[in-house]
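Residue-level listing of the chains:
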Amino acid sequence: MFTKQNLTWEYAIFSAHIHRYLPHLKWEDHVIIYNKWIAYHQPKPLKYSIEWDVSALDALYNGSPKIICLYHLGMHGQIPLVLADHGIHFDLLMDTKVFQKNRREMQVMQDTLRKTGRYYRFLMSDDPKVLLKARSTIREGRHLVLFADGNSGASDSLDRKVQVNFLESTIYARKGIALLSYLLQAPVIPVSHYQYEN
């Protein structure tokens with residue numbers, strides 16, 4: 001099932017990663033996984049018209065503010081809106097380049113978030129005062145939302161990362177979120193979603 005789309009450099013890199021982390025998978029399965037991945041990651045509209053089951057978010061309503069980790073999967077752009085629509089108050093930590101590239105969408109998101117009657121801020125990860133701003137977020141009772149798989153933050157040098165087991169191999173992970181959690185005394189809560197057919 002090779003197509004022009006999966007005979008690309010992007011496919012070759014994707015397949016190499018699949019082989020590294022899941023070496024038992026057949027090569028033919030790489031194409032199927034890649035095609036599903038491409039379909040799943042098509043741009044999604046910021047506005048959503050689907051029903052979300054938010055029962056798993058109960059931990060965010062009670063107790064102290066938390067660090068909410070999102071991931072760039074599926075409808076990740078809608079999750080901050082869903083959180084706001086359900087009364088979760090937060091600031092969003094993000095990369096300046098991503099903000100600049102998507103400025104119009106970010107402004108629409110912020111306007112939409114503010115319609116809930118609350119104030120939401122974008123904190124830029126390369127801002128020299130970002131730790132102070134994140135501390136203010138937590139002290140003021142808001143959660144801190146960030147993308148755990150984002151590209152900004154600490155240096156890319158391996159000596160500043162920690163090696164962790166991942167599937168059938170290892171990866172080097174940044175320490176930033178764990179350090180933020182320690183410094184702010186805020187627990188980390190991963191949030192993702194699952195999309196049911198129909």
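Refer to the structure presented above.
Being a predicted model, the structure only gives us computed values, none of them experimental.

Draft legend 1. Inspection of the overall build of the protein chain at higher detail. Per the secondary structure count, the protein chain includes seven helices and seven strands. Mapped in sequence order, the helices and strands of the protein chain form the string α-α-β-α-β-α-α-β-α-β-β-β-α-β. Going through the 198 residues of the protein chain one by one, you find that 32% of them count as buried. Within the protein chain, counting contacts between residues at least 6 apart in sequence, those at least 24 apart form 70% of the total. Total accessible area on the protein chain stands at roughly 13000 Å², and carbon and sulfur atoms take up 57% of it.

Draft legend 2. Representation of helix α2 (residues 27–40) in the model. Taking 1.5 Å per residue, 14 residues should reach 20 Å; α2 reaches 20 Å between its end C-alpha atoms and fits that length. Where α2 is buried, its residues touch α1 (9–21).

Draft legend 3. Broad picture of the side chain of Lys66. Within the secondary structure, Lys66 is located in the loop between α2 and β1 (67–70). Asp58 is the oppositely charged side chain nearest to the buried, salt-bridge-free Lys66, at an N-O distance of 12 Å. Beyond its immediate sequence surroundings of up to four residues, Lys66 is in contact with Ala59, Leu60, Ile138, His143, Leu144, Ala186, Pro187 and Ile189.

Draft legend 4. Examining the pairing of strand β6 (residues 169–174) more closely. Of the pairings in the sheet, the one linking strand β5 (residues 161–166) to β6 comprises six bridges and is antiparallel in character. When the sheet's bridge partners are listed, Val164 is paired in β6 with Ile171.

Draft legend 5. Quick look at the sheet that holds β1. Pairing is parallel across the open sheet formed by five strands, whose spatial order is β3-β2-β4-β1-β7. This sheet does not close on itself; its edge strands, each paired only once, are β3 (122–124) and β7 (188–190). Strand-to-strand, the axes of this sheet are offset by a mean angle of 30°, without reference to chain direction. Across three bridges, the pairing between strand β2 (residues 90–94) and β3 is parallel. Each bridged residue has a counterpart across the sheet, and for Leu92 the counterpart in β3 is Phe122. The sheet strands contacting helix α6 (residues 130–139) are β2, β3 and β4 (143–147), and the helix crosses β3 at an angle near 150°.

Draft legend 6. Focus on the packing of aromatic side chains. Tallied over the entire structure, the rule returns seven aromatic pairs. Measuring from centroid to centroid gives 5.4 Å for Phe99 and Phe122, while their planes differ by 55°, and the two rings are tilted. With Phe99 in helix α4 (residues 96–101) and Phe122 in strand β3, this pair connects stretches of sequence that are 23 residues apart. Of the two residues, Phe99 and Phe122, both sit in the buried class. Here a set of aromatic residues connected by ring pairs shows up, and it is made of Tyr11, Phe14, Tyr34 and Trp37.

Draft legend 7. Focus on the pattern of salt bridges. All chains considered together, the criterion is met by four salt bridges. Within the structure, one salt-bridge network assembled from shared partners comprises Asp91, Arg121, Glu140 and Arg142.

Draft legend 8. Broad picture of unusual backbone geometry. The backbone of Leu167 sits at a positive phi, close to 50°, despite the residue not being glycine. For Leu167, a relative accessible area of 55% corresponds to the exposed category. Although it is not a glycine, Gln185 adopts a positive phi angle of roughly 50°. Tracing the backbone through its elements, the reader meets Gln185 in the loop between α7 (176–184) and β7.

Draft legend 9. The arrangement of the pairing of β4 in detail. The buried fraction of β4 amounts to four of the five residues, a majority that puts the element mostly inside the structure. Here β1 pairs with β4 via four bridges, running parallel. Directly across from Cys69, in β4, lies its bridge partner Leu146.

Calculation notes
Residues numbered from 1 in each chain as written. Predicted model: local features only at pLDDT ≥ 70, side-chain atom pairs only at ≥ 80, totals over all residues. Heavy atoms only, no water. Helix = DSSP H or I, 4+ residues; strand = E, 2+ residues; numbered from the N terminus. Buried < 20%, exposed > 50% of the residue type's maximum accessible area, 1.4 Å probe, protein only. Contact = heavy atoms within 4.5 Å. Areas by Shrake-Rupley, 256 points an atom, 1.4 Å probe, with all protein chains shown as cover. Expected span 1.5 Å × (residues − 1). Lys, Arg positive; Asp, Glu negative; His and termini not counted. Salt bridge = Lys/Arg side-chain N within 4 Å of Asp/Glu carboxyl O. Pairing = 2+ DSSP bridges. Axes fitted to C-alpha atoms, helices over the stretch in contact; angles between N-to-C directions. Phe/Tyr/Trp six-rings, centres within 6.5 Å; stacked < 30°, edge-to-face > 60°.

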